[in-house]
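# Survey of secondary and tertiary structure
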Amino acid sequence: MSVNPSVCKLVRNVLTLNERVLLSGIWEHGYFSYTAVGATNVGSIKINFLKDKIKTNKGFLSFEKDTEIAIEPVEEMERGDMIGGFNFGSTIVLMFEAPKSFKFNLTVDKTIRLGDSLGWMVEEDSDVTPLVDELKETLNHVVQTLAEQTDQLITTVDDVIDAGVEQLAACQPSDSDEKVSVLKE
């Protein structure tokens, strides 16, 4: 089934109905799981370090018994490492334990791409207030600069329009313009 957000709202448990590959383990703050969920027409789910150990998308409604593969030695991933992919696209479900100091930087329905940050750890002894204040000050400066530049641009456009109107008013009618006005009368 599709994993489009509108379908996920209508079909209960769609992410458990579709084909999926679950990777789970432990990281420095506890449990972590990464679940690749295949959607309609997904060619296959590929996990780079499993290579030929798994075969996905064996056919519609081919519900086989779940397969569990123990990976020995344990594969260690580094920040930003590519885990795998889909041959046609789908979705990823992440679940993990984190300390209270972990702060997400996500919004509802935000698309996340390879390399995007999900959040950050705030060291419990650190105070982020100076950083936030500096960011606010920088943003206020940017907004003020943009407002000033917009005002300058509007003034420049108004000046150009005024100059054009003055030039048109100063133009002497040519002989052909006089003939046109005579014909109209």
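It should be noted that the structure appears before, not after, this text.
Residues numbered from 1 in each chain as written. Predicted model: local features only at pLDDT ≥ 70, side-chain atom pairs only at ≥ 80, totals over all residues. Heavy atoms only, no water.

## Notes on the overall build of the protein chain
A tally of regular secondary structure across the protein chain gives 4 helices and 7 strands. When the helices and strands of the protein chain are placed in sequence order, the string is α-α-β-β-β-β-β-β-β-α-α. Considering only contacts within the protein chain whose residues lie at least 6 apart along the sequence, 53% involve residues at least 24 apart. Only carbon and sulfur atoms are counted for the fraction: they give 55% of the accessible area of the protein chain, which is about 15,600 Å². (Helix = DSSP H or I, 4+ residues; strand = E, 2+ residues; numbered from the N terminus. Contact = heavy atoms within 4.5 Å. Areas by Shrake-Rupley, 256 points an atom, 1.4 Å probe, with all protein chains shown as cover.)

## Comments concerning the packing of aromatic side chains
All told, the structure shown has 5 aromatic pairs when counted by the stated rule. Aromatic pair F96 and F104: ring centres 6.1 Å apart, planes at 50°, arrangement tilted. The class of F104 is exposed, set by a relative accessible area of 52%. Of the aromatic side chains, those joined through ring pairs into one cluster are W27, F32, F96, F102 and F104. (Phe/Tyr/Trp six-rings, centres within 6.5 Å; stacked < 30°, edge-to-face > 60°. Buried < 20%, exposed > 50% of the residue type's maximum accessible area, 1.4 Å probe, protein only.)

## A closer look at the nonpolar core
Counting residues in each nonpolar core, the largest one holds 8 residues, listed as V21, L23, Y34, A36, I45, I47, L50 and I83. When neighbours within four sequence positions are excluded, L23 is seen to be in contact with F32, S33, Y34, I47, F49, L50 and I83. (Core = buried A, V, L, I, M, F, W, Y, C linked by side-chain atoms within 4.5 Å.)

## Things to note about the side chain of T35
By the secondary structure assignment, T35 is in strand β2 (residues 30-38). Those residues in contact with T35, other than ones at most four positions away along the chain, are R20, V21, L22, T91, I92 and V93.

## Let's talk about the sheet that holds β2
Ordered in space as β1-β2-β5, the 3 strands form an open sheet in which the pairing is antiparallel. A single partner strand is all that each edge strand has here, and the edge strands are β1 (20-27) and β5 (90-96). Strand-to-strand, the axes of this sheet are offset by a mean angle of 15°, without reference to chain direction. Note: β2 against β5, 7 bridges, orientation antiparallel. From the neighbouring strand, F32 faces β5, where its bridge partner is F96. (Pairing = 2+ DSSP bridges. Axes fitted to C-alpha atoms, helices over the stretch in contact; angles between N-to-C directions.)

## Notes on the environment of K46
Within the secondary structure layout, K46 lies in strand β3 (residues 45-47). Overall, K46 belongs to the partly exposed group, its relative accessible area being 48%. Every residue in contact with K46, bar those within four places of it in the chain, is listed here: I83, G84 and G85.

## Looking at the pairing of β1
In terms of strand pairing, β1 meets β2 through 8 bridges, oriented antiparallel. Its bridge partner being in β2, V21 is matched across the sheet by A36.

## Examining a nonpolar patch on the surface
Taken together, L22, I26, Y31 and M95 make up a surface patch of nonpolar side chains, about 440 Å² in accessible area. You can see M95 is positioned in strand β5. Accessibility expressed as a relative area gives 47% for M95, which makes it partly exposed. (Patch = residues over 30% accessible without salt bridge, like charges linked within 9 Å, V, L, I, M, F, W, Y side chains within 5 Å. Salt bridge = Lys/Arg side-chain N within 4 Å of Asp/Glu carboxyl O.)

## Remarks on a negative patch on the surface
Taken together, D158, D159, D162 and E166 make up a surface patch of like negative charges. By the secondary structure assignment, E166 is in helix α3 (residues 129-170). (Lys, Arg positive; Asp, Glu negative; His and termini not counted. Charge placed at Lys NZ, Arg CZ, Asp CG, Glu CD.)

## Quick word on the layout of surface pockets
Rolled over the atoms, a probe with the dimensions of a water molecule shows which regions are left empty. Roughly 150 Å³ of volume is contained in the second largest pocket. Lining the second largest pocket are S44, I45, K46, I47, N48, K51, D52, I54, K55 and T56. For the lining of the second largest pocket, a count of residues per class yields 3 nonpolar, 3 polar and 4 charged. (1 Å grid on protein atoms, 1.4 Å probe; cavity = no way out; pocket = protein on both sides within 12 Å on 5 of 7 lines; lining within 4 Å. Points joined across faces, edges and corners; volume = space filled by probe spheres on them. Nonpolar A, V, L, I, M, F, W, Y, C, P; charged D, E, K, R; others polar.)

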